[in-house]
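If you want the building blocks of each chain, they are given just below.
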Amino acid sequence: DYRGERFASWPVPLAGCNDVLVLTQPDKIAKIHEAYLLAGADIISTDSFNATSVSLVDYGLQEHAYEINRAAALVARSVADEFTRRNPTKPRLVAGSMGPTNRTASISADVNDPASRAVTFDGLAEAYATQARGLVDGGADILLIETVFDTLNAKAAVFAIEQVCEEKGIEIPVMISGTLADASGRTLSGGLDPSALHKP
């Protein structure tokens, strides 16, 4: 089901790679988007949460990052536009989902070497830029940097989006959602939730 015809003989198991479904099962992803819109959603997010080259390397699909993100946005865009056509007074928007990746730029990947990192800021920025280009080219209205557990990863994503906007001569709204580890208002990597600064 994940492989479809295109990746039928792919050398790496693809089960669990939900992002590739926009290439192999786009109709099923469209049905999910449709269900959210039928339930009243104004914004739907693309099936691209893990579609950076950093995360896709686990499936050997890193070279397909741009294509997957563009396809994810196109599928969502098509469904959103159909619902807007049916009711022009309620426009539906597409948020390009940009997940945190499965690497952290702030925490050591080796307990014996505090300076060790599984990914660099520049590597993350490059991966996020490819993702943002695909999402924008596919028609995303918004870019959603979501489930942030490491603020340095989020900074790389924002930096990448700014680069893409500059190269394309566009502006695009950006939304960021974070994951806080406990009541202290800190992320998993120890970054402070900015809203915590305003708490008594």
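Residues numbered from 1 in each chain as written. Predicted model: local features only at pLDDT ≥ 70, side-chain atom pairs only at ≥ 80, totals over all residues. Heavy atoms only, no water.

Another point: the overall build of the protein. A count of helices and strands for the protein gives 6 helices and 4 strands. Each helix (α) and strand (β) of the protein, taken in turn from the N terminus, gives the series α-α-β-α-α-β-α-β-α-β. Looking at the protein as a whole, 42% of its 200 residues are labelled buried. Sequence separation of at least 24 residues holds for 71% of the intrachain contacts in the protein that already meet a minimum separation of 6. Accessible surface computed for the protein: about 10500 Å², of which carbon and sulfur atoms make up 54%. (Helix = DSSP H or I, 4+ residues; strand = E, 2+ residues; numbered from the N terminus. Buried < 20%, exposed > 50% of the residue type's maximum accessible area, 1.4 Å probe, protein only. Contact = heavy atoms within 4.5 Å. Areas by Shrake-Rupley, 256 points an atom, 1.4 Å probe, with all protein chains shown as cover.)

Another aspect to go through is the pairing of strand 4 (residues 174-178). As judged from the 4 bridges shared by strand 3 (residues 142-148) and strand 4, these two strands associate in the parallel manner. Within strand 4, the residue paired with L143 across the bridge is V174. Taking the sense of rotation as the criterion, the β-α-β connection linking strand 3, helix 6 (residues 151-168) and strand 4 turns out right-handed. (Pairing = 2+ DSSP bridges. Right-handed = clockwise from strand over helix to strand, strands pointing away.)

This brings us to helix 6. Compared with an ideal rise of 1.5 Å per residue, which puts 18 residues at 26 Å, helix 6 spans 26 Å between its outermost C-alpha atoms and is within 8% of the ideal. The complete set of buried residues in helix 6 reads N153, A154, A156, A157, A160, I161, V164 and C165. In the core, the buried residues of helix 6 are packed alongside strand 2 (93-98), helix 5 (121-137), strand 3 and strand 4. For helix 6, the N-terminal cap is D150; the gap from its side-chain oxygen to the backbone nitrogen of L152 is 2.9 Å. Backbone geometry just after helix 6 places G169 at a positive phi near 65°. (Expected span 1.5 Å × (residues − 1). Polar contact = N/O pair within 3.5 Å; in protein donor to acceptor, adjacent residues only side chain to side chain.)

What follows deals with the sheet that holds strand 4. Strand-to-strand pairing in sheets goes through backbone hydrogen bonds, with the strands running parallel or antiparallel. Across the sheet, which stays open at both edges, the 4 strands sit in the order 1-2-3-4 with parallel pairing between neighbours. Of all strands in the sheet, those with a lone pairing partner are strand 1 (43-45) and strand 4, marking the two edges. Across the sheet, the mean angle from the axis of one strand to that of its neighbour is 25°, orientation sign disregarded. Both strand 1 and strand 2 contribute to a ladder of 3 bridges, which runs parallel. Across the sheet, the residue bridging to I43 is L93, located in strand 2. (Axes fitted to C-alpha atoms, helices over the stretch in contact; angles between N-to-C directions.)

What follows concerns the side chain of S55. Structurally, the position occupied by S55 is in helix 3 (residues 53-56). A residue is classified by how much of its surface remains accessible, and S55, at 4% relative accessible area, is buried. For S55, the contacting residues outside a window of four places in its chain are N50, T101 and N102.

Remark: helix 4 (residues 65-86) packs on helix 5, axes separated minimally by 7 Å, with the N-to-C direction vectors making an angle of 35°. Helix 4 and helix 5 meet at a crossing whose hand is right-handed. Packed against helix 4, whose contacting residues are A65, Y66, N69, R70 and A73, the element helix 5 presents T130, Q131, R133, G134, L135 and D137 at the interface. Looking at the contact of helix 4 with helix 5 residue by residue, the class counts come to 4 nonpolar, 4 polar and 3 charged. (Left-handed = near helix turned anticlockwise from the far one by under 90°. Nonpolar A, V, L, I, M, F, W, Y, C, P; charged D, E, K, R; others polar.)

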